[in-house]
Amino acid sequence: PGMQPGGAPAGAPAAGAPAPAPFVRGSGNYMSWLKMLAFWLVFLCWVHTTDWVSTDCQTMHLQYIRWNPIVFGTFVGFFVLGWMLPLFWLGFPLLVVAYVTPLTTYIIYRNQHVALSQRVLTRPHLRYWFSVNLGRLGVKIEAEKKAAWQLGPPVKLEGAGRGERDNRVNTLAARQSLGFNEARRVMAETLGRRATAAMLEFGQQQVDVRYMIDGVWHNDEPQTREVCDPMLESLKLLCGLNPQERQARQKGAFTANYDSIDYAAAVTAQGTATGERIVIQFESEKVQFKTLDDLGMRPKMQEQLLGLLAQRQGFVLLSAMPASGLRSTTNVVLQKTDRFTREFLAMEDEAHPYEGVENIPVTTYKSGPNVPEEGQLMHVLVKLFRMEPEVFVMRDLVDGEAINFTCEKILENRLIVGTVRAKDCAEAILRVLALKVSAKAFARSLTGVLNQRLIRKLCDGCKEAYAPTPQILQQLGIPPGRVQAFFRPPQEPEKVCEKCGGIGYHGRTAVFELMMVDDTVRKLVATGGKMDDIRQAARKAGMQNLQAEGIVLVAKGVTSLPELMRVMKQ
């Protein structure tokens, strides 16, 4: 058994029979490495783009639950089918179609639902892609062709204040509007003049333009409605406002980058009897003041103020009129305190936040009706003092109960720093007392009051000297012969000064008065003394008031006498 006739093993070919043909894979050549490589490359491309579709759907909120099965399932099904089909020329094209069709469908769908700047496989997108990838090989191609909105003034405007997605949409809508470059021109003109605000008064025939430079409004040449109407429409689109609304009050915001400096801009539109008024206010993110010298405070006053802040207990009150630099001065003063050796805490209204100061933690409270108890001022204040801070900062003193509470804590070796709006030191004291604060407790706690005003500095490039009359010197209390010349803007300039633009002033400095509260002043505060009595007692104690400090600046040629008179009349 198991043997063929002749002794050959079973299954072996009989003697004389032809040898069987060697095993071959057939004419289909199914093990072709080139064909397998083609399939593999398509598979790798599919993995990359499918991952992008999944991520992109979630980022753009485009129903990834629907699109993931489409791009995944279609390809996988045809991939299996392609391996089963015996014909490469049929299976591979079907696989490519199964890959390209869902991907292309998704791209068309997504491009219809996203902003123009976010679309893919468009000319700008392909240009950018080739620029990035060929740039790695040394081939230089501009990332994108400059659009019309990129030409002209060197200022970049973008929407703000509406959420990231809405800001992008508003920016794109403004860029596609006809007046966008005119809006850029106005913003560049405003910032180029060092203005902090611009006002556009739309009348029936023209638009009056004014710029606020160093705290003073300056008129510019009127513009035509034909030019400014498209500009206003573009500006409102940028801020997410309604361009068609010309009467109701609207507020918006945008950002501007000019001369490599970022600005935050707030826009207010309000209808008027003759048209509409647009006010644009700019705030630079650049830190302008770092020291008390930058603010213009004399060294002796700096020493006195820092001495007050170094005390272990007391109440230091900082004050100024609105738009007089109180925010900047408070920041600089706090930065000069010993924040790293004593524990500081600060509290402020959630609706009116301030710039943070290093090593001074800030806790906010809520104001207004229907505020939960845990968010109210007094609840937050009591909670903070349980942490036993050595120095407590409370900007914008508005609540008498809170001030009375802090005055009690001063007796426990606490230093309180507060701010209030007032035209001088004496008024600052009375404004605090007007909040129904205990006069005796406040008088016992108060150690010093600082007040300031901003005054324009004469332009060093064009100011001219003149001899003051003896009468003027006598009125100012300057001894004869002490000052030989005062300075003023040029009266008949031969050409416009490039530095100040013909204004005659460039930049501002602060004028300070510092009241060191002594027993006499403290007694007047405790007994409800009048404002003039407090001023007179402070001057007798050696305080130089705002006017006297301003006269020093006039004598030094920092500012002019008319400018000092303008500021003191405020």
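Everything numeric here is computed off the predicted structure, so don't read it as measured data.

1. Some thoughts on the nonpolar core
Line of reasoning, step 1. Residues F315, L317, F442 and M515 are the most contacted members of the largest nonpolar core, which totals 42 residues.
Line of reasoning, step 2. With residues near it in sequence (within four places) discarded, M515 still touches C425, A426, I429, T447, G448, V449, V521, I534, A538 and M543.
Line of reasoning, step 3. Judged by nonpolar contacts, the second largest core, of 35 residues, contains V155, L200, M231 and L235.

2. Overview of the packing of helix 6 (residues 180–192) against helix 7 (residues 225–239)
Line of reasoning, step 1. As a packed pair, helix 6 and helix 7 sit with axes 7 Å apart at the nearest point and diverge in direction by 90 degrees. One finds that helix 6 runs roughly perpendicular with respect to helix 7. Residues F180, E182, A183 and V186 of helix 6 touch helix 7, and the partners they reach there are V227, M231 and S234.
Line of reasoning, step 2. Considered class by class, the residues forming the contact of helix 6 with helix 7 number five nonpolar, one polar and one charged.

3. As for the packing of aromatic side chains
Line of reasoning, step 1. The final tally for this structure, using the stated rule, is 15 aromatic pairs.
Line of reasoning, step 2. Centroid distance W52 to Y106: 5.8 Å. Interplanar angle 80 degrees. Geometry classified as edge-to-face. Of the two residues, W52 sits in helix 1 (residues 33–60) while Y106 sits in helix 3 (residues 88–111), which places them 54 residues apart along the sequence.
Line of reasoning, step 3. Look at Y466 and F486: their rings are 6.2 Å apart centre to centre, the planes differ by 85 degrees, and that puts the pair in the edge-to-face class. Placement of the pair is Y466 in strand 15 (residues 464–466) and F486 in strand 16 (residues 486–488), with a sequence separation of 20 residues.
Line of reasoning, step 4. On the basis of relative accessibility, which here comes to 0%, the residue F486 falls in the buried class.
Line of reasoning, step 5. Sitting over the face of the ring of Y466, R488 holds its NZ or CZ atom 4.4 Å from the ring centroid.

4. Quick look at the pattern of salt bridges
Line of reasoning, step 1. Overall, the coordinates contain 26 salt bridges when judged by the stated rule.
Line of reasoning, step 2. Residue R193 is joined to D220 by a salt bridge in which the shortest nitrogen-to-oxygen separation is 3.0 Å. Linking R193 in the loop between helix 6 and strand 2 (195–202) with D220 in the loop between strand 4 (216–219) and strand 5 (223–224), this pair joins segments that are 27 residues apart in sequence.
Line of reasoning, step 3. The exposure class of R193 is partly exposed, given its relative accessible area of 30%.
Line of reasoning, step 4. Judged by relative accessible area, D220 falls into the partly exposed class, the value being 22%.
Line of reasoning, step 5. Across the pair R312 and E390 runs a salt bridge whose closest N-O atoms are separated by 3.5 Å. One end of the pair, R312, is in the loop between helix 9 (299–310) and strand 9 (314–320); the other, E390, is in the loop between helix 11 (377–385) and strand 12 (391–394), with 78 residues separating them in the sequence.
Line of reasoning, step 6. The exposure class assigned to R312 is partly exposed, which follows from its relative accessible area of 47%.
Line of reasoning, step 7. Relative accessible area serves as the criterion here: at 31%, E390 is assigned to the partly exposed category.

Rules behind the numbers
Residues numbered from 1 in each chain as written. Predicted model: local features only at pLDDT ≥ 70, side-chain atom pairs only at ≥ 80, totals over all residues. Heavy atoms only, no water. Core = buried A, V, L, I, M, F, W, Y, C linked by side-chain atoms within 4.5 Å. Buried < 20%, exposed > 50% of the residue type's maximum accessible area, 1.4 Å probe, protein only. Contact = heavy atoms within 4.5 Å. Axes fitted to C-alpha atoms, helices over the stretch in contact; angles between N-to-C directions. Helix = DSSP H or I, 4+ residues; strand = E, 2+ residues; numbered from the N terminus. Parallel < 35°, antiparallel > 145°, perpendicular 65-115°, else oblique. Nonpolar A, V, L, I, M, F, W, Y, C, P; charged D, E, K, R; others polar. Phe/Tyr/Trp six-rings, centres within 6.5 Å; stacked < 30°, edge-to-face > 60°. Lys NZ or Arg CZ within 6 Å of the ring centre and 35° of its normal. Salt bridge = Lys/Arg side-chain N within 4 Å of Asp/Glu carboxyl O.

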